[in-house]
Amino acid sequence: MAFVIPMVVFTLFWGFVGGVVPWFIPKGPNRGVIVTMLVLTAVCCYLFWLIAILSQLNPLFGPALSNNTIWYLQFHWP
Amino acid sequence: MDSFFRSEEMCLVQLFFQTESAHNCIDELGHLGLVQFKDLHPGTADFQRRFVKEVKKCEEMERILRFLKKEVITSNILIPADFTTERISLPRDVLDLESSFDKLEQELKEINSNRDTLRQNFTQLTEINHLLHMTDDFFVEVESQMTISELPSEDSVYSSRRASYASTNGSLKLGFVAGVIKHERFPAFEKILWRLFHGNFVLRHAEIKPHQEENMEEVFVKKDVFVVFVQGDQVRGKIRKLCDGFHASMYPCPNNAAARKEMRTNVNMRMEDLRLVLKRTEEFRVTTLTAAAANLREWTAKVKKMKAIYYTLNLCNIDITQKLIIAEIWCPVSDLSSVHAALIKGSEQTGSSVTPIMNRIHTQQTPPTFNRTNVFTSGFQNIIDAYGVGDYQEINPAPYTMVTFPFLFAVMFGDCGHGLLMTLLAVWLILHEEHFRKLKNELVDMLVSGRYIILLMGIYSIYTGLIYNDCFSKSFNLFGSSWSVRHMFHPQGPWTNETLHNSDYLQLDPLVSGVYSGNPYPFGIDPMWNIALNKLLFLNSYKMKMSVIIGVVHMLFGVMLSLGNYIFFRNFKDVVLKFIPELVFMLSLFGYLTFLILYKWCVVIKSDSAPSILLLFINMMFFDYSSNGAMLYKTQKPVQIFLVVVAGVMVPWLLFAKPLLMYREHKQSKLKPSPNKLPMQDFGNFIQEPLEKSKEKISMGDIFVYQGIHTIEYCLGCISNTASYLRLWALSLAHAELSEVLWKMVLQVALRVTSGMGSVLLAVTFATFAVLTVTILLVMEGLSAFLHALRLHWVEFQNKFYQGSGYKFSPLSFDKMLNMK
């Protein structure tokens, strides 16, 4: 469940930026450039975020921590 | 609007205008800045052109203006900055300006030479003054010496004794020479006098110390006054020659004190007069120069414009009747009406009744490439053009570069703290652009013209920094880590306090329930990795796979753009012969690699049986399925075999299909009779080009070789370019490690000091940390990432679709010309 929420949120957000906002850019000499920039930004940033979250989905190994760090984390982090 | 995605459509237009209105018309076109004149006499040298005399006149005027400017600057007169540009600069103006410039130059030269002569006279008089002043002391001294050395007879009168000396005592007759010599030459002078007279002389010298108000020269040269007393008359000639050799100026100095006093008063009077005259001359010079300085900028601009107009006229054709000027210009089709309006305005100014005629002609020549840019897009267009100006009307990579270039930079730079600093720098540059341009420093100019690029790079760096979870090498923990240490201990996990005591470090195991929460960190890399000892093991794998995915997507985008080019130029054959095999080849191999990466991430695997993607890929290419054979999914083997075979089929398709097709067409056209050429028409000075060229001879060898090169380049390039994108991983790793080193070994050392002096140490250490961050991480890493992102665009992205062999549209534009200085 807690994986679906960020998935939906970010997909909708970048989908909005890349798919919906371009329709509202006023007509003018720069419309094509602005629309291209919005779509490309949405694609690049969404892809980058997606790669980051997918790579951590099924980890094959965990972090190795030093003694002191383990001691601290055992008491302070949930 | 289509114009930024492709270069604009250009047309070749013939202009006819009358000789009288030519000047004004070209002036108007220059102000418009949208028109490039074609050279109608391409073979002729500069001095053979028609208006070469006028161009020489303009250059002469420029020389005079430069001389004036130098004089104005040396006299410390301010040149007023703003001036009004008059639109009209008629040929008559040329003569006016020329004559006034000549007059001004003459005047100034005269003033300068007068001033120099006067100054020289003044110097001489000053020297005589000092000489007279100091030789008084010498004579007194020498006389006292003589009275002591002589046999005592003190009753004679002071002056008559000396006179009697001169007449009676021949053996002790002393003559003298007085003069002024430069201070540094004096020791050499003395030495030579010693050699000449074997010590038989008396030399006295003293340095001239000027009074304050007498220092009227710009450079003050140290000079010494000297008096040489020698015996005899002949020797005087020798001394004179010596003085000439040393450039010492000799002055007649009278023997007796009274004559000297008279001379002094004389000299003082003359000096007073000269001072007055010099002052007046100086004032007159300053007035003339100030009057000239007020117009200096305007004149410079006018002369530059006139020179440009004559240069342009040199490119045009003059009709036989001398009444008509014919020019050929390249002009964007959308601006034809404004060009027409400018021409009408120009001809109206001269009052001529005939409006210039514009005649659009069709041509086979390639027009120049014109991309209309505004202040934001011009930076990106410049970095694309630096590699190669695009072919006429092919797809312009600049609008896509506006996002992908800062994005790839940010992937390599990836630190939100440094990104924030870069954004702030860019905002500062944008707000104070005027101020920075005034500094006229080359490096600063480059920074200022790239200010929007830097702004975008900074903004994207903040985003990628947040995803890498890296801010000056520290991580944020906004959502709570997905890894839990508590669950590794009893009762859920295998650890006890014993295990903790027995080892220095321990590794969390995701298979123990609860250690890994099952939900990845929602935005970016988990903060637990920042404090882990095996951080790089995870990050390297993540970043390498990310680089490959981004690389394959970028290159596929490039291949799709080439489809756009084929469709625009109606080249449907190439769609089948080149685009489809290229696309299938790339997708079947590297698209499949991307699929493998994503599949392995999304699927749960036991860690000891997880196949390495690299090994899978290599074995796939070698059809090697014999190893222990851990596959990712059930039908992997047949799918892989199919894909490699398909890719293998694409290679001969790419290599042979197009040349064979062209060979067949060539054979077919040889069987048909060749079409008649249209007769060429000559009307006076202009030629209408034949609309149909005859078919050129096609050499089959050339075509095969070209296509072979293209195939090899593409296929091998796919692999090498994909590997080249791994630099995204390499540079981001370098950046992260550098900033971690700066933290651990510079700032953390000062933060751990517990004594009272720690605050002072912290201040000093923070200064070091800041300087090192800016120079190493921002400047050096920034330049490095900029360069590599640029290379990825120029080579890996653009060689999929960009030809880049056009020439740039360079219009006659007075604004650009005047702003360049």
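Residue numbers run consecutively from 1 along every chain, following the written order of its sequence. As they are written, the chains are lettered A onward and the ligands numbered 1 onward, keeping that order. Side-chain atom pairs in this predicted model are given and counted only at pLDDT of 80 or more, local residue features only at pLDDT of at least 70, and totals for whole chains, interfaces and linings cover all residues. For side-chain calculations, the full set of non-hydrogen atoms in the structure is used, while hydrogens and water are omitted.

1. Looking at the overall build of chain A
Each helix and strand counted, chain A has 3 helices and 1 strand in total. Going along the chain from the N terminus, every DSSP run of H or I of four or more residues is numbered as a helix, and every run of E of two or more is numbered as a strand. Moving toward the C terminus, one meets the helices and strands of chain A in the order α-α-β-α. Atoms counted for the radius of gyration: C-alpha only. Globule rule: 2.2 Å times residue count to the power 0.38. The C-alpha radius of gyration computed for chain A amounts to 20 Å, which surpasses the reference 12 Å derived for 78 residues by more than 25%, pointing to a less compact arrangement than a globule. Counting over 78 residues, chain A shows a buried share of 47%. Note on areas: these come from Shrake-Rupley sampling with a 1.4 Å probe, and a residue is covered only by the protein chains present in the view. Split by element, the accessible area of chain A, about 4,100 Å² in all, is 78% carbon and sulfur. Burial classes follow relative accessibility: with a 1.4 Å probe on protein chains only, a residue under 20% of its type's maximum area counts as buried, one over 50% as exposed, and anything between as partly exposed.

2. Observations regarding the layout of surface pockets
Residue and element names in this part refer to chain B. Note on definitions: the grid is 1 Å and covers protein atoms alone; a cavity is a set of points where a 1.4 Å probe fits but cannot get out; a pocket is an open set with protein on both sides within 12 Å along at least five of seven lines; lining residues have an atom within 4 Å of a point. Grid points are joined across faces, edges and corners, and a volume is the space filled by probe spheres set on the points. There is about 2,000 Å³ of room inside the largest pocket. Taken together, 47 residues make up the lining of the largest pocket; nearest its centre are Asn382, Asp445, Met446, Ser449 and Gly450. Elements that contribute at least two residues to the lining of the largest pocket include exactly helix H9 (378-385), helix H11 (416-431), helix H13 (442-449), helix H14 (451-468), helix H22 (758-797) and helix H23 (814-820). Element by element, the count of residues in the lining of the largest pocket is highest for H22, at 7 residues. Three classes are used, and their members are as follows: Ala, Val, Leu, Ile, Met, Phe, Trp, Tyr, Cys and Pro are nonpolar, Asp, Glu, Lys and Arg are charged, and the others, Gly among them, are polar. Here the residues of the lining of the largest pocket are counted per class, giving 24 nonpolar, 14 polar and 9 charged.

3. Describing the environment of Asn67 of chain A
Residues and elements named next belong to chain A. Structurally, the position occupied by Asn67 is in helix H3 (residues 67-76). For Asn67, a relative accessible area of 19% puts it in the buried group. For the pair Asn67 and Val20, spaced 47 residues apart in sequence, the C-alpha to C-alpha distance is 51 Å.

4. Notes on the packing of aromatic side chains
Pairs were defined over the aromatic rings of Phe, Tyr and Trp, the Trp ring being its six-membered one, requiring ring centres within 6.5 Å. Orientation was assigned from the angle between planes: stacked under 30 degrees, edge-to-face over 60, tilted for the rest. Applying the stated criterion across every chain, the model contains 41 aromatic pairs over all chains. Ring geometry for Phe48 of chain A against Tyr468 of chain B: centres 5.6 Å apart, planes inclined by 70°, an arrangement best described as edge-to-face. Separated into two different chains, Phe48 of chain A in helix H2 (residues 31-55) and Tyr468 of chain B in helix H14 make up a pair that spans both. Grouping residues by exposure puts Phe48 of chain A and Tyr468 of chain B together as buried. Ring centres of Phe405 of chain B and Phe786 of chain B lie 5.1 Å apart, and the angle between their planes is 85°; on these two criteria the pair is classed as edge-to-face. Residue Phe405 of chain B is found in helix H10 (residues 398-413), and its partner Phe786 of chain B is found in helix H22; the two are separated by 381 residues along the sequence. The partly exposed category is assigned to Phe786 of chain B, whose relative accessible area is 25%. Aromatic rings pair up to connect Phe48 and Phe61 of chain A together with Phe407, Tyr460, Tyr468, Trp483, Tyr516, Trp529, Phe538 and Tyr542 of chain B into one cluster. Directly above the aromatic system of Phe568 of chain B lies the positively charged group of Arg6 of chain B, at a separation of 3.9 Å from the ring centroid. When the NZ atom of lysine or the CZ atom of arginine is within 6 Å of a ring's centre and also within 35 degrees of its normal, the charge is said to sit over that ring. Across from the ring centre of Phe51 of chain B, 4.8 Å away, lies the NZ or CZ of Arg50 of chain B, which sits over that ring.

5. Description of the UniProt feature "transmembrane region" (unreviewed entry) in chain A
Residues and elements named next belong to chain A. UniProt positions are given in the numbering used here, feature names are shortened, and annotations may be inferred rather than shown by experiment. Here the UniProt-annotated "transmembrane region" (unreviewed entry) positions come out as residues 6-25 and 32-54. Within residues 6-25, the helical portion is 75% and the strand portion 0%, while the C-alpha atoms at the span's ends are 28 Å from each other. Secondary structure content for residues 32-54 is 100% helix and 0% strand, and the end C-alpha separation is 33 Å.

6. Some thoughts on the confidence of the model for chain A
Of the residues in chain A, 100% reach a pLDDT of 70 or more, and the chain-wide mean stands at 92. Values of pLDDT, which run from 0 to 100, indicate the predictor's confidence residue by residue. The weakest mean pLDDT in chain A belongs to H3 of chain A at 88; the strongest belongs to H2 of chain A at 95.

7. Overview of the interface of chain A and chain B
Across the contact, 44 residues belong to chain A and 65 residues belong to chain B. When the area that chain A buries against chain B is broken down by residue, the three leading residues are Phe48, Gln56 and Pro63 of chain A, summing to 15%. The term salt bridge refers to a pairing of a side-chain nitrogen on Lys or Arg with a carboxyl oxygen on Asp or Glu at a separation within 4 Å. Our count for the chain A to chain B interface comes out at 0 salt bridges. Definition of a polar contact: a pair of N or O atoms within 3.5 Å, with one able to donate and the other able to accept a hydrogen when the atoms are protein atoms, and with sequence-neighbouring residues admitted only if both atoms are side-chain atoms. The interface formed by chain A and chain B holds 23 residue pairs in polar contact (both at pLDDT 80 or more) in total. Residue assignment for the side of chain A that touches chain B shows that the elements contributing at least two residues are helix H1 (4-20), H2, strand S1 (64-66) and H3 of chain A. Two residues qualify as a contact provided that any one of their heavy atoms is within 4.5 Å of a heavy atom in the partner residue. When two parts are brought into contact, each loses some accessible area as probed by a 1.4 Å sphere; the total of that loss over both is the buried area.

8. Re H2 of chain A
Because an α-helix completes one turn every 3.6 residues, residues spaced three or four positions apart along the sequence face the same direction. One less than the number of residues in a helix, times 1.5 Å, gives the span that helix is expected to have. Across its 25 residues, H2 of chain A extends 36 Å between first and last C-alpha, which sits within 8% of the 36 Å expected from 1.5 Å per residue. Counting buried positions along H2 of chain A gives 18 out of 25 residues, so the element sits mostly inside the fold.

9. Focus on the nonpolar core
For the purposes of this section, nonpolar cores are sets of buried Ala, Val, Leu, Ile, Met, Phe, Trp, Tyr and Cys residues that join through side-chain atoms within 4.5 Å. Phe48 of chain A together with Val485, Tyr542 and Ile550 of chain B are the most contacted members of the largest nonpolar core, which totals 122 residues. The greatest single-element share of this core, amounting to 14 residues, is contributed by H2 of chain A. Sequence-distant contacts of Ile550 of chain B, defined by excluding residues within four places in its chain, comprise Phe48 and Ile51 of chain A together with Phe407, Leu408, Val411 and Leu728 of chain B. With 50 residues, the next largest nonpolar core counts Phe67, Ala293, Ile309 and Leu343 of chain B among its residues.

10. Here we look at the pattern of salt bridges
Residues and elements named next belong to chain B. All chains considered together, the criterion is met by 24 salt bridges over all chains. A salt bridge links Glu28 to Lys345, with the nearest nitrogen and oxygen atoms 3.6 Å apart. A residue pair is termed long-range when its members are at least 10 positions apart, and Glu28 in helix H1 (residues 19-32) and Lys345 in helix H8 (residues 336-349) qualify at 317 residues. For Glu28, a relative accessible area of 3% puts it in the buried group. A salt bridge links Lys744 to Glu740, with the nearest nitrogen and oxygen atoms 3.0 Å apart. Taken as a pair, Lys744 and Glu740 lie in helix H21 (residues 727-751) at a separation of 4 residues, close to a single helical turn. Look at Glu740 and you get buried, because its relative accessible area is 19%. A single salt-bridge network, built from bridges that share partners, covers Glu71, Arg115, Arg119, Glu282 and Arg285.

11. So, unusual backbone geometry
Residue and element names in this part refer to chain B. Phi at Ser473 is positive, roughly 70°, even though this residue is not glycine. Inspection of the secondary structure assignment puts Ser473 in the loop between H14 and helix H15 (497-502). With relative accessibility at 6%, the residue Ser473 sits in the buried group. Positive phi values are uncommon outside glycine, yet Phe623 reaches one of about 55°. Mapping Phe623 onto the fold places it in the loop between helix H18 (613-621) and helix H19 (636-671). By relative accessible area, Phe623 is classed as partly exposed at 43%.

12. Structural notes on the packing of helix H16 (residues 535-568) of chain B against H22 of chain B
In a packed pair of helices, the relevant descriptors are the angle between the two axes and the axis-to-axis distance. Residue and element names in this part refer to chain B. Under this scheme, a helix contributes an axis fitted over its contacting stretch, all axes are lines through C-alpha atoms, and angles between N-to-C directions fall in the 0 to 180 degree range. Orientation of H16 relative to H22, taken along the N-to-C sense of each, is 50°, at an axis distance of 10 Å. Our classification of the angle between H16 and H22 gives oblique. As H16 packs across H22, the resulting crossing turns out to be right-handed. Along its contact with H16, which presents His554, Met555, Phe557, Gly558 and Leu561, the element H22 presents His793, Glu796 and Phe797. For classification purposes, angles smaller than 35 degrees are called roughly parallel, those larger than 145 roughly antiparallel, those between 65 and 115 roughly perpendicular, and all remaining angles oblique. Two helices crossing with the near one rotated counterclockwise from the far one by less than a right angle form a left-handed crossing, whereas a clockwise rotation gives a right-handed crossing.

13. Quick notes on the environment of Glu184 of chain B
Residue and element names in this part refer to chain B. In this structure, Glu184 sits in the loop between strand S3 (174-182) and helix H5 (186-197). The exposed category is assigned to Glu184, whose relative accessible area is 58%. C-alpha of Glu184 to C-alpha of Asp102: the two residues are 82 residues apart in sequence and 42 Å apart in space.

14. As for the state of the cysteines
What counts as a disulfide here is a pair of cysteine sulfur atoms lying within 2.5 Å. All chains considered together, the criterion is met by 0 disulfides over all chains. The thiol sulfur of Cys718 of chain B is not disulfide-bonded, and the nearest other cysteine sulfur, from Cys715 of chain B, lies at 6.5 Å.

15. As for a nonpolar patch on the surface
To count toward a patch, a residue needs a relative accessible area above 30% and no salt bridge. Like charges then connect within 9 Å, nonpolar side chains (Val, Leu, Ile, Met, Phe, Trp, Tyr) within 5 Å. Together, Met1, Val4, Ile5, Val8, Val9 and Leu12 of chain A make up an exposed nonpolar region whose accessible area comes to about 600 Å². Here Val4 of chain A is to be found in helix H1.

16. Some remarks on empty space enclosed by the protein
All names here are of chain B. Per the stated rule, a full pass over the model turns up 5 cavities of 30 Å³ or more. Tyr468, Asp470, Lys535, Leu539 and Ala736 are, among the 22 residues lining the largest cavity, the residues nearest its centre. Tallying contributions element by element places H21 first for the lining of the largest cavity, with 6 residues. The residue inventory of the lining of the largest cavity, partitioned by class, reads 8 nonpolar, 8 polar and 6 charged.

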